[in-house]
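Residues per chain are reported as follows:
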Amino acid sequence: MLGIPTVLVTVGPEASKQMRPPRAMYPKGFKIGNSLGKPGQRELQKKVLRDALLMLTEPARPGQVIEREYPEYDLA
Amino acid sequence: MATLSRKCVPFTPLERDLSKSRVVLVTAAGVHRKDQTPFNIADDLGDLTFRVINGDAANSELMVTHHHYDHSDADQDINCVFPLELLRELQAEGFIGEVGKEHIGYMGYTMQLKKMYDETAPQMAEYVDKKCKADVVVLTGG
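Residues numbered from 1 in each chain as written. Chains lettered and ligands numbered in written order. Predicted model: local features only at pLDDT ≥ 70, side-chain atom pairs only at ≥ 80, totals over all residues.

A. How the structure looks around the overall build of chain A. The number of helices and strands found in chain A is two helices and three strands. Written out in order from the N terminus, the α and β elements of chain A read β-α-β-α-β. A compact globule built from 76 residues would reach a C-alpha radius of gyration of about 11 Å, and chain A, at 12 Å, matches this within 12%. When its C-alpha atoms are laid out on the principal axes, chain A stretches across 40 × 25 × 20 Å. Within chain A, the fraction of its 76 residues that count as buried is 43%. At a minimum sequence separation of 6, the contacts of chain A that also span at least 24 residues come to 61%. (Helix = DSSP H or I, 4+ residues; strand = E, 2+ residues; numbered from the N terminus. Rg over C-alpha atoms; globule rule 2.2 N^0.38 Å. Buried ≥ 20, exposed ≤ 12 C-beta atoms within 10 Å, placed from the backbone. Contact = placed C-beta atoms within 7 Å.)

B. Spotlight on the overall build of chain B. Regarding its fold elements, chain B presents three helices and seven strands. Element order for chain B, N to C, with α for helix and β for strand: β-β-β-β-α-α-β-β-α-β. The principal-axis extent of the C-alpha atoms belonging to chain B is close to 45 × 40 × 20 Å. Looking at chain B as a whole, 38% of its 142 residues qualify as buried. Here the contacts in chain B between residues at least 6 apart in sequence split such that 79% fall between residues at least 24 apart.

C. The arrangement of the nonpolar core in detail. Within the largest apolar cluster, 50 residues are counted, with the highest numbers of intra-cluster contacts made by Ala52 of chain A together with Leu87 and Val138 of chain B. Put simply, the parts of the chain that give this core at least two residues each are β1 (6–9), β2 (24–27) and α2 (42–54) of chain A together with β1 (22–27), β3 (50–54), α2 (84–92), β6 (102–106) and β7 (136–140) of chain B. Per-element tally for this core: the top contributor is α2 of chain A, with five residues. Other than its neighbours up to four places away in sequence, valine 138 of chain B contacts Val7, Val9, Ala52 and Leu53 of chain A together with Val23 and Leu25 of chain B. (Core = buried A, V, L, I, M, F, W, Y, C linked by C-beta atoms within 7 Å.)

D. Spatial organisation of the pairing of β2 of chain A. Residue and element names in this part refer to chain A. By the alternation rule, side chains of β2 split into Ala24 and Tyr26 and Met25 and Pro27, which are all buried. Between the parallel elements β1 and β2, the chain passes through helix α1 (residues 13–18) in a crossover that is right-handed. As judged from the four bridges shared by β2 and strand β3 (residues 65–68), these two strands associate in the parallel manner. Paired with alanine 24 across the bridge in β3 is valine 65. On the question of chirality, the crossover connecting β2 to the parallel β3 by way of α2 is left-handed. (Right-handed = clockwise from strand over helix to strand, strands pointing away. Pairing = 2+ DSSP bridges.)

E. The interface of chain A and chain B, seen in detail. If you look at the interface, chain A gives 35 residues, while chain B gives 36 residues. If you list the elements that add at least two residues to the side of chain A that touches chain B, you get β1 and α2 of chain A. Its residues assigned to classes, the side of chain A that touches chain B comprises 18 nonpolar, 12 polar and five charged. Where β1 of chain A lies against β7 of chain B, four bridges are found, and the strand directions are parallel. Across the sheet, leucine 8 of chain A pairs through a bridge with leucine 139 of chain B, a residue of β7 of chain B. (Nonpolar A, V, L, I, M, F, W, Y, C, P; charged D, E, K, R; others polar.)

F. Spatial organisation of the environment of leucine 139 of chain B. Relative to the helices and strands, leucine 139 of chain B is located in strand β7. Take leucine 139 of chain B: there are 22 C-beta atoms within 10 Å of it, and that puts it in the buried class. For the pair leucine 139 of chain B and threonine 27 of chain B, spaced 112 residues apart in sequence, the C-alpha to C-alpha distance is 5.6 Å. Discounting chain neighbours no more than four positions away, the residues touching leucine 139 of chain B are Thr6 and Leu8 of chain A together with Val26 of chain B.

G. Geometry of helix α3 (residues 113–131) of chain B. Its maximal kink placed at threonine 120 of chain B, α3 of chain B deviates by approximately 30°, while the proline proline 122 of chain B follows within four residues. Looking at the residues trailing α3 of chain B, positive phi occurs at lysine 133 of chain B, about 50°. (Bend = angle between axes of the 7 residues up to and from the residue.)

Have a look at this one:
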């Protein structure tokens, strides 16, 4: 098989869209430097990582950046 | 490596269960081991090199060298941009098959885009494929 399945977690969705990645997720509202969450938000960080990995098993929208909501990000 | 049209989205399906997959991280967030040469932030053109990070590295052994984003949060908790520790937990839970033995950090800032595209990126892809034998790659930025 040619290639390796990848998934991108981006906090710069506009820039990432230009590269048309095969699978990409934007945790909505996360600032640059917080791709997975804020310091110490261990459960949230893990959830984002798990969701990114699950994108590999879901119907894909290649070239698009999928927004996901994580309201707990703003609670810390 | 085959040449793909730049208009093409190079989509590769996952053909095995996550629970049987070896996962490798590739980050543009400037992460490296403290005992490795830091990325060269003195060069306005950026740094085209990458660092290989062992899969059992402790968070305390890692640091960030990057001058084009605020990494103060990652300095406190590297999981903000490089969730290697969390990946190990997902392995222990059986969610993924295996954490790769090696992962890659580079500094995602360069004014030498052609060299990055033509040289560094294929070198990293080759490493991830042939050395890491990744089934899956998770990419993170800063």
